[in-house]
Every structure is written in structure tokens, then in C-alpha cells.
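Spelled out, the chains give:
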Amino acid sequence: MSEVKKFLYVNRKAPYGTIYALESLEVVLIGAAFDQDVSLAFLDDGVFQLTRNQNTETIGVKNFSPTFRALGDYDVTKLYVERESLAERGLSESDLQEITYEDEDDDWAEKPSIRIVSRAEMADIMADQDVVLSF
Amino acid sequence: MSTLHTVNKSPFTNGSLLSCLKHCRPGDAILLIEDGVYGALKGSTVADAVCENLADVRLFLLGGDVRARGIEDEKILSQARTVEYDGYVDLVVEHDRTQSWL
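A few points on the structure. Note that the structure is predicted; figures quoted are calculated from it, not measured. (Residues numbered from 1 in each chain as written. Chains lettered and ligands numbered in written order. Predicted model: local features only at pLDDT ≥ 70, side-chain atom pairs only at ≥ 80, totals over all residues.)

### Observations regarding the overall build of chain A
Scanning chain A from terminus to terminus reveals 3 helices and 7 strands. Start at the N end of chain A and walk to the C end: the helices and strands fall as β-α-β-β-α-β-β-β-α-β. Scaling as 2.2 N^0.38, a compact globule of 135 residues should have a C-alpha radius of gyration of about 14 Å, and chain A matches this with 15 Å. Along the first, second and third principal axes, the C-alpha set of chain A runs to 45 × 30 × 30 Å. By residue count, 35% of the 135 residues in chain A fall in the buried class. Contacts spanning at least 24 positions in sequence make up 76% of the contacts within chain A whose residues lie at least 6 apart. (Helix = DSSP H or I, 4+ residues; strand = E, 2+ residues; numbered from the N terminus. Rg over C-alpha atoms; globule rule 2.2 N^0.38 Å. Buried ≥ 20, exposed ≤ 12 C-beta atoms within 10 Å, placed from the backbone. Contact = placed C-beta atoms within 7 Å.)

### Quick notes on the overall build of chain B
Scanning chain B from N- to C-terminus turns up 4 helices and 5 strands. Along the chain direction, N to C, the helices and strands of chain B fall in the order β-α-β-α-β-α-β-α-β. Taken over C-alpha atoms, the radius of gyration comes to 12 Å for chain B, in line with the 13 Å a tight globule of 102 residues would show. Over its C-alpha atoms, taken along the principal directions, chain B stretches across nearly 35 × 25 × 25 Å. Burial statistics for chain B: of 102 residues in total, 42% are counted as buried.

### As for the sheet that holds strand 1 (residues 6–11) of chain A
Residues and elements named next belong to chain A. If you walk across this open sheet you meet the 5 strands as 6-3-2-1-7, and the pairing is parallel. This sheet does not close on itself; its edge strands, each paired only once, are strand 6 (114–117) and strand 7 (131–134). The sheet shows a mean angle of 25° between the axes of neighbouring strands, direction not considered. Across 4 bridges, the pairing between strand 3 (residues 79–82) and strand 6 is parallel. Bridging across to strand 6, E82 finds its partner in V117. The strands that helix 3 (residues 119–127) touches are strand 1, strand 2 (37–42), strand 3, strand 6 and strand 7; relative to strand 3, the one it contacts most, it runs at about 140°. (Pairing = 2+ DSSP bridges. Axes fitted to C-alpha atoms, helices over the stretch in contact; angles between N-to-C directions.)

### What about the nonpolar core?
Membership of the largest hydrophobic core comes to 54 residues, with the highest contact counts inside it found for A41 and F42 of chain A together with I30, L32 and V37 of chain B. Setting aside residues no more than four positions away along its own chain, L32 of chain B makes contact with V7, V37, G39, A40, L61 and L62 of chain B. (Core = buried A, V, L, I, M, F, W, Y, C linked by C-beta atoms within 7 Å.)

### A few points about the environment of D124 of chain A
Mapped onto the elements, D124 of chain A comes out in helix 3. Considered as a pair, D124 of chain A and A41 of chain A are 83 residues apart in the sequence and their alpha carbons are 12 Å apart.

### Quick word on the sheet that holds strand 2 (residues 29–32) of chain B
Pairing between the strands of a sheet is mediated by backbone hydrogen bonds and can be parallel or antiparallel. Residues and elements named next belong to chain B. The strand order across the open sheet built from 5 strands is 4-3-2-1-5, with neighbouring strands paired in parallel fashion. Of all strands in the sheet, those bounded by a partner on one side alone are strand 4 (80–83) and strand 5 (97–101). This sheet shows a mean twist of 25° between the axes of neighbouring strands, independent of strand direction. Here strand 1 (residues 3–7) runs beside strand 2; their pairing, made up of 4 bridges, is parallel. Note on strand 2: the bridge partner recorded for T6 is L31.

### Comments concerning helix 1 (residues 20–31) of chain A
Residues and elements named next belong to chain A. Between its first and last C-alpha, helix 1 extends 16 Å over 12 residues, near the 16 Å set by a 1.5 Å rise per residue. Turning to helix 1, its buried residues are A21, S24, L25 and V28. One side of helix 1 holds all its buried residues, which, seen down the axis, span an arc of 95°. Those residues of helix 1 that are exposed and aimed more than 90 degrees away from the buried face are E23 and I30. On the buried face of helix 1, the contacting elements are strand 1 and strand 2. (Expected span 1.5 Å × (residues − 1). Arc of directions from axis to C-beta.)

### Re unusual backbone geometry
Residue and element names in this part refer to chain A. For D44, which is not glycine, the phi dihedral falls at a positive 50°. Relative to the elements of secondary structure, D44 occurs in the loop between strand 2 and strand 3. Take D44: there are 19 C-beta atoms within 10 Å of it, and that puts it in the partly exposed class.

### Focus: the environment of P11 of chain B
Residues and elements named next belong to chain B. As for its position among the elements, P11 is in the loop between strand 1 and helix 1 (16–22). We classify P11 as buried; it has 27 C-beta atoms within 10 Å. Considered as a pair, P11 and G39 are 28 residues apart in the sequence and their alpha carbons are 5.7 Å apart. Once you skip the residues sitting within four places of it in the chain, P11 turns out to touch L17, L18, Y38, G39 and V46.

In C-alpha cells form, the structure reads like this:
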């Protein structure tokens, strides 16, 4: 098998107002077929993508927020969320939905996929990648 | 004579809401729609600027856009009132003109 590369998908847009957030998720799901080391970053308005209890019934578009909970089944288990971006928007971790994965190296124990990181840590994560895809 | 202002952009990535607030006159109303509804989040970096400019200006939110984004009632500024699509129509009728801050 060819060398595994580190891919980071950077999400900086709110859901629904533009198509970027949904398109990013689609690309992540497609890319998951290629067995790479995938991480997702949520910063700036991207943190709004993960709020709990989204209900799009009235605005007539697909609510894609439950799809984030399926990412674990595709071995996408690292969702980094920037703490400062949450705070600037009056949000905290408790405003986000719970997303978990089953760790095959730890007897399939259920573990959280969302990892809250500081802005400085986010910069380190970005600098550690082979490929960065921005949405 | 009054104006209904609509804002559909997030205040964290775009200056439309702040510019709108600075151009409102007493008796005007602001209706936040689409990503504009984030402008009514309590405790955000723009919340103070929003509240400071609401002396004689009413603030409304479009309910469907609020629910789509998972914003709970307790996260919304107390000055803001939520309306549905029929309330949106009423606001348009009540004011002499509608100005969209795109």
C-alpha cells in the first residue's frame, strides 16, 4: 500500500447559509475511502456546523448535522474544534452535539471524536499536515 | 416613515450587521435571516455592539433559520423577538421600505 498521508479538512463556514459546509462533509466521506489519516478542523463560523438540535424543517433544506455522527464508521475520528472560536460566538462545548467512535485498538470502547483545542494547538495541528483542504 | 432592514450574513465574517446598526433610525426594525441570526447570540463578541444600537430599533429573528442552526431560546438576546414567515410579511407591510444588507 502507498504511503499514508495526513489530510486536514478546514471548516470555517456556518451551515445552511452557503453550500460549503455540506460540500466539505461530502468530500470527507468520499475521501474516507482512500485510507488516509484524516482530521477535521472547525474554527471561526465552522464551529456552528456542530451545534446540537438543528432542525431545518421550516427552511426546506436537508439537515446534515446527524451525518457527522457517522464519520466514526469511516475511521474519521479526529474532529478538532477551536475553543476561542466557540467563546467568541457565546458557545461552549456543551452546545455541540456528542460525536463518538468505537476504538478498535481498545476493545471497541466508545470515545469522543470532538476534541476542543486552543488556537495555538490548532495552528500546530495545521502545521503537522501533508495536505490541507479548505472550505 | 420607517425602514425594515434585513441582514442575512454572519456578523463574525461580514460587517453587514454592524453597518446596518449604524444606519438605523428611530422606529426602524432589523430582521435577522439566514446566517444573520447568529447576530442575536448572547455573550458573543458582537452582542454588546448590537445591544448598544437598539435604543429605538426593534430586533427580530426568523424562527425557521434559528431552529435550523440549533440555537436554543436561552442563547438569544432578550431584546430579540422571533417571527415566522407570516410575521416577516407583516413587518414588510408595516414599514415604508425594506433594505437588504447583503
